[in-house]
Amino acid sequence: MAPKWKYHFPAPFLEAIFRHQKFFIERAVLPQQIWTTSSESNLPGDGIRRREIMEAVEDDVIVELEHVNVEDNMSACVDETRGGDGGIVPQVGMKFKDENEVYEFYKRYAYEVGFPVRRRNSKKDDDGVLQYVTLTCSREGQRSGCTSSSLKPQPTIQTGCKARISAAFDYQGFWVIRTVHLDHNHKTSPSKSRLFRCNRDISAHVKRKIEVNDLAGISLHKSFNSAIVEAGGYENLSCVEKDCRNYIEKVRRLKLGEGDTAAIQSYFSEMQAECLGFYFSIDLDEDSRLRNVFWADNRCRQAYKEFGDVVTFDTTYLTNKYDMPFAPFVGVNHHGQSTLFGCGLLSNENTDTFVWLFRT
């Protein structure tokens, strides 16, 4: 019985095949476990076995070379999608894990090119799952209204720019870019990218610094100049003075006096123990600071059951010393008199705050 032939190709040997394919096919010198010497090749059928091995080797070489060519083509595609500065340019067919990854990719590309971005529109399915999104240059669109005849038209950044990308959620669970428009009808400025609203952000270190300085009575302007010096210049900061001013004003609204939060919770707890119908709810922020509060006693709740057909809600009634709007819920009783259904103190008047208040 003829012996069974086994052959194995180590990685360095395959690399040598790729470099010298023609020489290998004509005059190959294989490892000792594959080829026998001329003195040991006198067995019957040895020439047939050599041809079979040679054909198998050539087939493996072709498969490996095809694999290498595919990898080279993929690398060439990646190189083609890179811009002149090395950044990857959006192209149709690119896949991402989720919608946020698409947005971050397009924002990085916009930062390198020098234009601001925003979410133009999106579409959800019947279950509320996001299925489609369009990201555009912030200069997309035109200002509504007739201002051409005005003597002093309002300035606007909108120029009707058509630069955008759209991405959709496919059946494989990826977000795929469907359309790409890269041409702008305005000049781009990479040097100003850090000043665009989508790229501005206050670092945790700067936040802590201006908070401490505000408690010490140091003006915000001096705190911001100190942050600039510490960062080594304006160009190394990802925010402007207006961002810091808005942040510190928000902190001031959220920050009650020393002991006020504990005093409110203690007082409401005592009221709840004395009156079983008393209800209150306190909303805290991520730093466990008081943000919103709502309360209603038993009389207010009973009045709502009887006269809750019409409810008025007004946050312009008054504010306290912390600039927290007072939000009363008011109705009309059977005597035509106003009756109170509940009260709230709010840190701000944004959508999330009102959603929390109405659900409470």
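Residues numbered from 1 in each chain as written. Predicted model: local features only at pLDDT ≥ 70, side-chain atom pairs only at ≥ 80, totals over all residues. Heavy atoms only, no water.

**Looking at the side chain of Thr 339**
Mapping Thr 339 onto the fold places it in strand 10 (residues 338-345). The contact partners of Thr 339, leaving out residues within four places of it in the chain, are Ala 303, Phe 329, Val 330, Gly 331, Val 332 and Asn 333. (Helix = DSSP H or I, 4+ residues; strand = E, 2+ residues; numbered from the N terminus. Contact = heavy atoms within 4.5 Å.)

**A look at the packing of helix 5 (residues 204-215) against helix 6 (residues 220-231)**
Helix 6 packs onto helix 5 with a crossing angle of 145 degrees between their chain directions and a minimal axis gap of 10 Å. As for how helix 5 packs across helix 6, the hand of that crossing is right-handed. Contact with helix 5, carried on its side by His 205, Lys 209, Ile 210 and Asn 213, involves Leu 220, Ser 223, Ser 226, Ala 227 and Glu 230 of helix 6 and no other residues of that element. Here the residues of the contact of helix 5 with helix 6 sort into three nonpolar, four polar and two charged. (Axes fitted to C-alpha atoms, helices over the stretch in contact; angles between N-to-C directions. Left-handed = near helix turned anticlockwise from the far one by under 90°. Nonpolar A, V, L, I, M, F, W, Y, C, P; charged D, E, K, R; others polar.)

**Overview of the environment of Leu 237**
When you line up the elements, Leu 237 lands in the loop between helix 6 and helix 7 (241-254). C-alpha separation for the pair Leu 237 and Val 206, spaced 31 residues apart in sequence, amounts to 9.5 Å. When near neighbours in sequence (up to four residues on either side) are disregarded, Leu 237 contacts Arg 194, Val 206, Phe 224, Ala 227, Ile 228 and Ala 231.

**Things to note about the sheet that holds strand 6 (residues 279-284)**
If you trace the five strands from one edge of the open sheet to the other, you get 6-7-10-9-8, paired in antiparallel fashion. Strands at the two margins of the open sheet, each flanked by one partner only, are strand 6 and strand 8 (312-313). Docked against the sheet, helix 9 (residues 298-307) engages strand 6, strand 7 (290-296), strand 9 (326-332) and strand 10, running at close to 125 degrees with respect to strand 10. (Pairing = 2+ DSSP bridges.)

**Remarks on the sheet that holds strand 2 (residues 117-124)**
As summarised here, the arrangement of the five strands in space is 1-5-4-3-2, forming an open sheet in which the pairing is antiparallel. Each edge of the open sheet carries a strand with a single partner, namely strand 1 (95-96) and strand 2. Where strand 1 meets strand 5 (residues 175-181), two bridges bridge the pair, whose relative direction is antiparallel. Looking at strand 5, one finds that Lys 95 is bridged to Val 176.

**Some details on the pairing of strand 4 (residues 164-169)**
Of the strand pairs in this sheet, strand 3 (residues 130-137) and strand 4 are connected by five bridges, and their pairing is antiparallel. By the bridge assignment for strand 4, Thr 136 is matched with Arg 164. In this structure, strand 4 lies alongside strand 5, joined through six bridges in antiparallel fashion. Note that in strand 5 the partner of Arg 164 across the bridge is His 181. Here strand 4 hands over to strand 5 after five residues, with Gly 173 in that stretch at a positive phi of 90 degrees.

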